[in-house]
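# Analysis of the macromolecular model
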Amino acid sequence: MKFKKKVLFVFMNIFFILFALEVIAVISFKISKRKSNPVKYHFYKNQPDQTLGWKPKPNNTQILWNTNVSTNSFGFRNNSLNPDFNSSRQSILAIGDSFTFGAEVPNEHTWPSFLSRKIKSQVINAGVNGYGLDQMYIHLKQILKDSSLNIKEVIIVFIKEDIHRTAQKVRDGSSKPYFHLNEGELKLVPIQEDHTNQTVDYFKSLVMKSTFVSAFCERFFNYFFYSQTTTYIEHLPYNSYAISLRIFHNLKKIANDTKLKIRILPLNEHYDQYDQEYIHFIKELKELNSSYFNIIPELNIMRELGYKDEIKSLENVGHLWHGHLNFRGNEYLAETIYRYIEYRN
């Protein structure tokens, strides 16, 4: 009987402590006039796709990062210029992950939007959060089938992590397609089952109703609670560098067959550590593709000259892990792309 009373006493104390913390959290949010709704830190919520795993929903608007994030009728992110494309004008296609989609910035502050205004021509933003190079490759081939988009050029921006994503069959709880090499050629393995954990998602949505839990998770468990699904990742025993290099070989063939310019730009993240395997991969990529250009040395020179704060100012000070570019960073990237590809019109 005494044991039961002790247990009850402990649980009552825990309850009152949590209740007190919740009250303090609510009051502090009201005093600071800070919104406790964590939705502004979310990744863009994509829809499931049987071929790619996930992709943006067409004609969709979500309020994220204190701004409207919207897509057009093709499912591409709007540039806040024209909601759709004029098929009579040739377009540049931007392919990539969340750095191209523009995580944490408004439509008009993505690098494709800045580049579009710079060259006074349509730049299609086909970036998708969480994509690896394998999904970008599949996505690109899908888009090129639509002649109405009138694409004249492709710019692929990727980070080191996108290489490693090619050796994953499940990312953030969602199934994805992947390749393996068969006698040196890519062999596609399509999506076979859905790994999305709805139970965990329901748990997250339930506990996040608490202001205290929301603030606590924002501080200590940001990536798990603000990812679009769970953080479950299933890796494969494949050489992601070899697969990625084969993808770029195939892209070169597509460029030669279609007379399409496909430009390749590796982008570094603020925490990237470049091992010898990655350096060798970049060297091979440069030898393979004449349209390859690299701004990483330029950024490294800026670091060596003491412009670390200037580089840091290009990254978002938001709550996502990868140091996504803010409006200054995306504008800088668009200017750099413009300079490298020598647009003069």
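Please read these numbers as outputs of a predicted model, since none were measured by experiment.

About the criteria used
- Residues numbered from 1 in each chain as written.
- Predicted model: local features only at pLDDT ≥ 70, side-chain atom pairs only at ≥ 80, totals over all residues.
- Heavy atoms only, no water.
- Pairing = 2+ DSSP bridges.
- Helix = DSSP H or I, 4+ residues; strand = E, 2+ residues; numbered from the N terminus.
- Axes fitted to C-alpha atoms, helices over the stretch in contact; angles between N-to-C directions.
- Contact = heavy atoms within 4.5 Å.
- Parallel < 35°, antiparallel > 145°, perpendicular 65-115°, else oblique.
- Left-handed = near helix turned anticlockwise from the far one by under 90°.
- Buried < 20%, exposed > 50% of the residue type's maximum accessible area, 1.4 Å probe, protein only.

Below, the discussion takes up the sheet that holds strand β7 (residues 151–158). Spatially, β6-β5-β7-β13 is the arrangement adopted by the four strands of the open sheet, whose pairing is parallel. Because the sheet does not close on itself, it has two edges, and the strands there are β6 (122–125) and β13 (261–266). Between one strand axis and the next, the sheet turns through 20° on average, direction left out of account. Note that strand β5 (residues 91–95) and β7 share five bridges and pair parallel. Residue pairing in the sheet places isoleucine 92 in a bridge with glutamate 153 of β7. Each of β5 and β7 touches helix α4 (residues 133–144); the most contacted strand, β7, lies at about 170° to it.

Turning next to the packing of helix α3 (residues 111–119) against helix α13 (residues 327–341). Following both chains from N to C, one finds α3 and α13 inclined at 50°, their axes separated by 8 Å at the closest point. Classified by the angle their axes make, α3 and α13 are oblique. Crossing of α3 against α13: the hand is right-handed. Across the interface between the two elements, Trp111, Phe114, Leu115, Lys118 and Ile119 from α3 touch Phe327, Asn330, Glu331, Leu333, Ala334, Glu335, Ile337 and Tyr338 from α13.

Turning our eyes to something else, we now look at unusual backbone geometry. One non-glycine residue, glutamate 183, lies in positive phi territory at about 55°. Mapped onto the secondary structure, glutamate 183 falls in the loop between β10 (178–182) and β11 (185–189). By relative accessible area, which is 80% here, glutamate 183 ends up exposed. For lysine 259, which is not glycine, the phi dihedral falls at a positive 60°. What makes lysine 259 exposed here is its relative accessible area of 73%.

The strand order across the open sheet formed by three strands is β9-β8-β12, and the pairing between neighbours is antiparallel. Two strands close off the open sheet at either side, each with one partner strand: β9 (174–175) and β12 (234–235). In this sheet, β9 lies alongside strand β8 (residues 168–171) in antiparallel orientation, the contact comprising two bridges. In the strand pairing of β9, arginine 171 is matched with serine 174.

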